[in-house]
Amino acid sequence: MLAKVNSYGLDGINGYKIEVESDIHNGLPGWEMVGLPGASTKESKERVRSAIANSGYGFSPKKITINMAPADTKKDGPLYDLPIAMAILAATEQLQADKLNDLIFIGELSLNGEVKRVRGILPILIAAKSEGYDRVIIPDGNRNEASYIEGINVYPVKNLRDAVMHVSGEKLIEPIFTHEIASARYKTEYADDFRYVMGQFAAKRAMEIAAAGGHNLLMIGPPGGGKTMLAKCLPSILPDMTPAEMLETTKIHSVAGSLDEERGIITTRPFRAPHHTVSRIALTGGGANAHPGEVSLAHNGVLFLDELPEYPRSVLEILRQPLEDKTITVSRALRSVEYPAHFMLIASMNPCPCGNYGSQTADCTCTPSQIQKYLARLSAPLLDRIDLHIGVDNVKYDELAGKGYSEDSATIRNRVNVAREIQVKRYEGTGVYCNASMTNKMVKDYCKLTSDGEQLLKTAFEKFGLSARAYGRVLKVARTIADLSGEENILATHVAEAVQYRTLDRSYRK
Amino acid sequence: MTEKLALFWLSQALVSGKKFLYLKNKYTAVELFDGIRYNDSQITSLFGEITAKKLKSLCNEEKLNETYDKMTYDGIRYMSCYDEEFPKSLLNDEVITPVGLYYKGDVKLLNSVTVAVVGTRAVTPYGKEVTKKISRELAQEGICIASGLADGVDGIAHETCLETNGKTIAVLGGGLKKPSPESNVKLFDKVCEKGLAISEYPPDFPPAPYTFPERNRIVSGISKAVIITEAPLKSGALITAECAIKQGKELFCIPANVTSRRSEGSNALLYSLKAKPVSSASDVMRALGLRSKNKKTEKRYIQLDIFGQKLYNVLQNGETFFDNIVVKLQHPPHEVASKLSQLEIIGAIINKAPNVYEINPDVEIKENN
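What you see is a predicted model, and the numbers here were worked out from it, not measured in a lab.

Conventions and cut-offs
Residues numbered from 1 in each chain as written. Chains lettered and ligands numbered in written order. Predicted model: local features only at pLDDT ≥ 70, side-chain atom pairs only at ≥ 80, totals over all residues. Heavy atoms only, no water. Helix = DSSP H or I, 4+ residues; strand = E, 2+ residues; numbered from the N terminus. Buried < 20%, exposed > 50% of the residue type's maximum accessible area, 1.4 Å probe, protein only. Areas by Shrake-Rupley, 256 points an atom, 1.4 Å probe, with all protein chains shown as cover. Contact = heavy atoms within 4.5 Å. Core = buried A, V, L, I, M, F, W, Y, C linked by side-chain atoms within 4.5 Å. Pairing = 2+ DSSP bridges. Buried area = accessible area lost by both parts, 1.4 Å probe. Salt bridge = Lys/Arg side-chain N within 4 Å of Asp/Glu carboxyl O. Polar contact = N/O pair within 3.5 Å; in protein donor to acceptor, adjacent residues only side chain to side chain. Phe/Tyr/Trp six-rings, centres within 6.5 Å; stacked < 30°, edge-to-face > 60°. Axes fitted to C-alpha atoms, helices over the stretch in contact; angles between N-to-C directions. Parallel < 35°, antiparallel > 145°, perpendicular 65-115°, else oblique. Left-handed = near helix turned anticlockwise from the far one by under 90°. Nonpolar A, V, L, I, M, F, W, Y, C, P; charged D, E, K, R; others polar.

## Overview of the overall build of chain B
Part 1 of the reasoning: Per the secondary structure count, chain B includes 16 helices and 14 strands.
Part 2 of the reasoning: Its C-alpha atoms give chain B principal-axis dimensions of roughly 90 × 40 × 35 Å.
Part 3 of the reasoning: The burial tally for chain B puts 55% of its 369 residues in the buried class.
Part 4 of the reasoning: When the accessible surface of chain B is totalled, it reaches about 17100 Å², and 51% of it is carbon and sulfur.

## Some details on the overall build of chain A
Part 1 of the reasoning: A tally of helices and strands in chain A yields 20 helices and 18 strands.
Part 2 of the reasoning: Across its three principal axes, chain A shows a C-alpha extent of roughly 85 × 45 × 45 Å.
Part 3 of the reasoning: A total of 510 residues make up chain A; the buried ones form 54% of that total.
Part 4 of the reasoning: Counting contacts in chain A only where the partners sit at least 6 residues apart, residues at least 24 apart contribute 73% of the total.

## Details of the nonpolar core
Residue and element names in this part refer to chain A.
Part 1 of the reasoning: Among the nonpolar cores identified, the biggest contains 90 residues, and Leu-82, Met-86 and Leu-319 are the most heavily contacted of them.
Part 2 of the reasoning: When residues in this core are grouped by element, the largest group, 9 residues, is from helix 3 (residues 81–91).
Part 3 of the reasoning: Each residue touching Leu-319, except ones within four places of it in the same chain, is listed here: Leu-283, Val-295, Leu-303, Leu-305, Phe-343, Leu-345 and Leu-382.
Part 4 of the reasoning: One finds Met-344, Val-392, Val-432 and Ile-481 within the second-largest nonpolar core, a separate group that totals 78 residues.

## Topic: the sheet that holds strand 17 (residues 344–349) of chain A
Part 1 of the reasoning: Taken in spatial order, the 5 strands line up as 11-14-17-10-18 (chain A) in an open sheet, and their pairing is parallel. Each edge of the sheet is formed by a strand with only one pairing partner; in this case those strands are strand 11 (271–272) and strand 18 (388–391) of chain A.

## A short note on the interface of chain B and chain A
Part 1 of the reasoning: Across the boundary between the two partners, chain B contributes 37 residues, which contact 41 residues of chain A.
Part 2 of the reasoning: When chain B packs against chain A, close to 3200 Å² is buried across both sides, 56% of that on carbon and sulfur atoms.
Part 3 of the reasoning: Taken as a group, Phe-321, Asp-323 and Ile-345 of chain B account for 19% of the area that chain B buries against chain A, more than any other trio of residues on that side.
Part 4 of the reasoning: Joining chain B to chain A, the criterion identifies 0 salt bridges.
Part 5 of the reasoning: Here chain B is connected to chain A by 7 residue pairs in polar contact (both at pLDDT 80 or more).
Part 6 of the reasoning: Ranked by residue count, the leading element in the side of chain B that touches chain A is helix 16 (residues 333–346) of chain B, at 9 residues.

## As for helix 3 of chain A
Part 1 of the reasoning: The buried fraction of helix 3 of chain A is high, at 11 of 11 residues.
Part 2 of the reasoning: Buried within helix 3 of chain A are the following residues: Asp-81, Leu-82, Pro-83, Ile-84, Ala-85, Met-86, Ala-87, Ile-88, Leu-89, Ala-90 and Ala-91 of chain A.

## Considerations on the side chain of Asp-387 of chain A
Residue and element names in this part refer to chain A.
Part 1 of the reasoning: Looking at the secondary structure, you find Asp-387 in the loop between helix 15 (380–384) and strand 18.
Part 2 of the reasoning: Here His-215 takes part through its side chain, which lies 2.7 Å from a polar atom of the side chain of Asp-387.
Part 3 of the reasoning: Those residues in contact with Asp-387, other than ones at most four positions away along the chain, are His-215, Asn-216, Ala-436, Arg-473, Val-477, Tyr-501 and Arg-502.

## Overview of the packing of aromatic side chains
Residue and element names in this part refer to chain B.
Part 1 of the reasoning: All chains considered together, the criterion is met by 12 aromatic pairs over all chains.
Part 2 of the reasoning: For the ring pair Trp-9 and Phe-33, a centre distance of 5.0 Å and an interplane angle of 80 degrees mean the geometry is edge-to-face. Within this pair, whereas Trp-9 is found in helix 1 (residues 3–12), its partner Phe-33 is found in helix 3 (residues 29–37), the two being separated by 24 residues in sequence.
Part 3 of the reasoning: Taken together through their ring pairs, the aromatic side chains of Phe-8, Tyr-68, Tyr-78 and Tyr-102 make up a single cluster.

## Concerning the packing of helix 14 (residues 306–315) of chain B against helix 15 (residues 322–329) of chain B
Residues and elements named next belong to chain B.
Part 1 of the reasoning: The interhelical angle for the contact between helix 14 and helix 15, taken along N-to-C directions, is 125 degrees, at an axis separation of 10 Å. Between helix 14 and helix 15, the interaxial angle falls into the category oblique. Crossing hand, helix 14 versus helix 15: right-handed. Between helix 14, through Phe-307, Lys-310, Leu-311, Val-314 and Leu-315, and helix 15, the contact on the second element is made entirely by Ile-325, Lys-328 and Leu-329.

## Some words on the packing of helix 8 (residues 153–163) of chain B against helix 9 (residues 185–194) of chain B
Any two packed helices are characterised by the angle at which their axes cross and by the distance between the axes.
Residue and element names in this part refer to chain B.
Part 1 of the reasoning: Closest axis-to-axis distance for the helix 8/helix 9 pair is 11 Å, and the angle between their directions is 45 degrees. In terms of axis orientation, helix 8 runs oblique to helix 9. The element helix 8 and its partner helix 9 pack so that their crossing is left-handed. In this structure, helix 8 uses Gly-155, His-158, Glu-159 and Leu-162 to contact helix 9, whose residues at the interface are Leu-187, Lys-190, Val-191 and Lys-194.
Part 2 of the reasoning: When grouped by side-chain class, the residues that make up the contact of helix 8 with helix 9 number 3 nonpolar, 2 polar and 3 charged.

## Description of helix 1 of chain B
Residues lying three or four places apart along an α-helix face the same way, a consequence of the helix completing one turn every 3.6 residues.
Residue and element names in this part refer to chain B.
Part 1 of the reasoning: Burial within helix 1 is extensive, with 8 of its 10 residues counted as buried.
Part 2 of the reasoning: The set of residues buried in helix 1 consists of Leu-5, Ala-6, Leu-7, Phe-8, Trp-9, Leu-10, Ser-11 and Gln-12.
Part 3 of the reasoning: Structurally, helix 1 contributes buried residues whose contacts are with helix 2 (17–23), helix 3, helix 5 (49–57), helix 6 (61–73), strand 1 (77–80) and strand 2 (100–105).
Part 4 of the reasoning: The positive-phi residue at the C-terminal boundary of helix 1 is Leu-14, with phi of around 65 degrees.

## Topic: unusual backbone geometry
Part 1 of the reasoning: The linkage connecting Ala-69 of chain A with the following residue, Pro-70 of chain A, adopts the cis geometry, with an omega of 0 degrees.
Part 2 of the reasoning: Among the structural elements, Pro-70 of chain A can be located in the loop between strand 4 (63–69) and helix 3.
Part 3 of the reasoning: Cis rather than trans, the peptide bond between Ser-180 of chain B and Pro-181 of chain B has omega equal to -5 degrees.
Part 4 of the reasoning: Mapping Pro-181 of chain B onto the fold places it in the loop between strand 5 (168–171) and helix 9.
Part 5 of the reasoning: Here Glu-93 of chain A, not a glycine, exhibits a phi torsion of approximately 60 degrees, which is positive.
Part 6 of the reasoning: Residue position: Glu-93 of chain A is located in the loop between helix 3 and strand 5 (104–105).

## Quick notes on the pairing of strand 2 of chain B
Residue and element names in this part refer to chain B.
Part 1 of the reasoning: Bridge count between strand 1 and strand 2: 4 bridges; the pairing is antiparallel. Across the sheet, residue Met-79 finds its bridge partner in strand 2, namely Leu-101.
Part 2 of the reasoning: Note that strand 2 and strand 6 (residues 196–199) share 4 bridges and pair antiparallel. Note on strand 6: the bridge partner recorded for Tyr-102 is Ser-199.

## What to know about the pattern of salt bridges
Residue and element names in this part refer to chain A.
Part 1 of the reasoning: By the definition in use, this model includes 29 salt bridges over all chains.
Part 2 of the reasoning: Salt-bridge contacts for Glu-208 lead to Arg-415; the nearest nitrogen and oxygen are separated by 2.7 Å. Here Glu-208, found in helix 7 (residues 201–213), pairs with Arg-415, found in helix 16 (residues 409–426); they are 207 residues apart in sequence, far enough to count as distant.
Part 3 of the reasoning: A relative accessible area of 4% means that Glu-208 is categorised as buried.
Part 4 of the reasoning: Counted as one network, the salt bridges with shared partners bring together Arg-205, Glu-208, Glu-407, Arg-415 and Glu-497.

Shown next, in the form of structure tokens:
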């Protein structure tokens, strides 16, 4: 007999419908699977066989054929275990086949019939909802992740028996109670707080601007200056995520399987810090399944690259496209997937191999050619995409510095949040959330300078020999500074501050 | 066969100044030429085996003329030590006069008052700053700056001088077609265009480790004084310093931080009283008995607002860290950063290094009453 069950598969971060058909007919006992199943999907026949038997149902001793349509896309992963089991039960008439219509099944089976958590539930639910399905059966372990999609009934099952009894109507399961995504915000405790960073006022301020406007930031300074510590504090001042951002980021993490089972949804901006031995594929995404890489996992958050010149040049150059387009296209032999990759790049580096060039407290022991080679590892096009660069030197404290006030992260975050709200409002409907992603036209429209500001910018460029490409960067940063102080127009003081954060363009670097 | 062509022949065969010093009182160059041509054993034995072989292989008047013309066509000229334009300052046995000099550029510069600015290749930001300062000031005084076209201090000295439209002479440690290091080739072209490049080595001769110390005697030789801006204990600049002392030239050093290992060499010259400390071009002018051409550059007067004045007062105590400025002023960092930029733009202060600021000594601030 023939039975058909609906399920969903993943293509990048989008779900697509898969029909699982099973046919049981006379022949030598055996199991045939067609429709391009990958290794982990092929293995499901052993799991399904045991799960059915151990759940107290009968397994057919006939010839079983399973087809997964569309037959030309590769199916991978164990999430088809449950639909296959349901299809076999329906084909062996242990379940009424017509009750399976309009239902979607997703889940991995263990040998004893338990249904286990799978990755990618969120994008699948979103896709199913948009295609008009309103009843989905998912593993109980994914319940939290599913609870933020409204307008679709999701039934979490713990084991195969639950699923069968729910379908047959013997014992109905309550659909998951959904809540609004905006309510998901957790109060997060951060281990690192700016309150504990002494001095470094310039760097802290630059971080605040970067967080508020989503700007890329490069810190340059000798070892021990506190670059890594500053970067670690950054998550504590990042602006709250908008519901749309939460959903998008969660989708990617859901596909990557890196979601916290308890929380189910990502409410704080991700902070990804891949080590400099990271491979190209790990950064961009790829592999046989075209899984998302670090740049996508950092979507709507921060990608922190410590000791930037230590990364292989081939790895760094890859960042250029996502920094510009905010997406990355991962092409593999069988498929090409586009992942969003809108991240803030925070990088740190030493000014030379020994780290002490230009330091006020230690001597540099590098030869000129060593320094040149070291700096040449970073290409100009990559540096072009970084809005703020600041020097972070070892602080020589005089007795006064210890008494300096240090703001805590919460205070800074409040300012950042206000500035970000202004930006979200300003760019509503354009798909842009922050000043750093302004297009050239937007810079023209929204970065209006007062005549004082104009004059100051002009003199600053002549005085400091800033390049033409620095112009747009300075304007964007000045826009963020103006937003932080709640000004409609960019004033001269904002421009003046913005040029402070162009260390690499300054004369003492040339 | 002219004497000049014969001297050119000696230069082409890399006959050293030392050897020439010994020969020039005994034979004329033409006599040597003929001696080698006719295998005079007495003359051949004067040179080492390798040099003799080389001399022999070049011993062809027609070919020499051809080489000379071709070189001239490439813009490189030759002057022998007996020529009119040859710098008199090099005709000194202490200098060890080279047989001749190849040159490219404005040869008249050799007659101008010249001061050498030399130092280490691995220059610190401080070294960079003082080299720039003294080179700029000297150039403004109309003094010609000689140096060795190396990385670091040498390159900065040439570069600054050219930027100030001053006169500069580069003395190369190799042939004029082989400027080194690679990174200074562009600078070399600029020097040839606006200044002068000289070398005692044939144009195609690549620099060798021993040629750099040799050329240092010419750097100090053509100069009235030698200024070392920064040199560690092991530095080529100290060889130039020795040459200067031997040749009886004035030797100056710019004092540096005593804890900096990058200036131990130049500081040591000061302790041992071999060199005089200088901090500006006017010190050099005074010591050399030259009158400053430029009137003292007029100070600019700037008026500041109250916050600007407060900030300026903090910097009166010398260079200051951003953090310390913030603490002393008790103002939010972003206001301080903004004000610092503004003061910097109007020229009242200088952003010396990342997060380090100091006042600009060339600008006078009007008190705000």
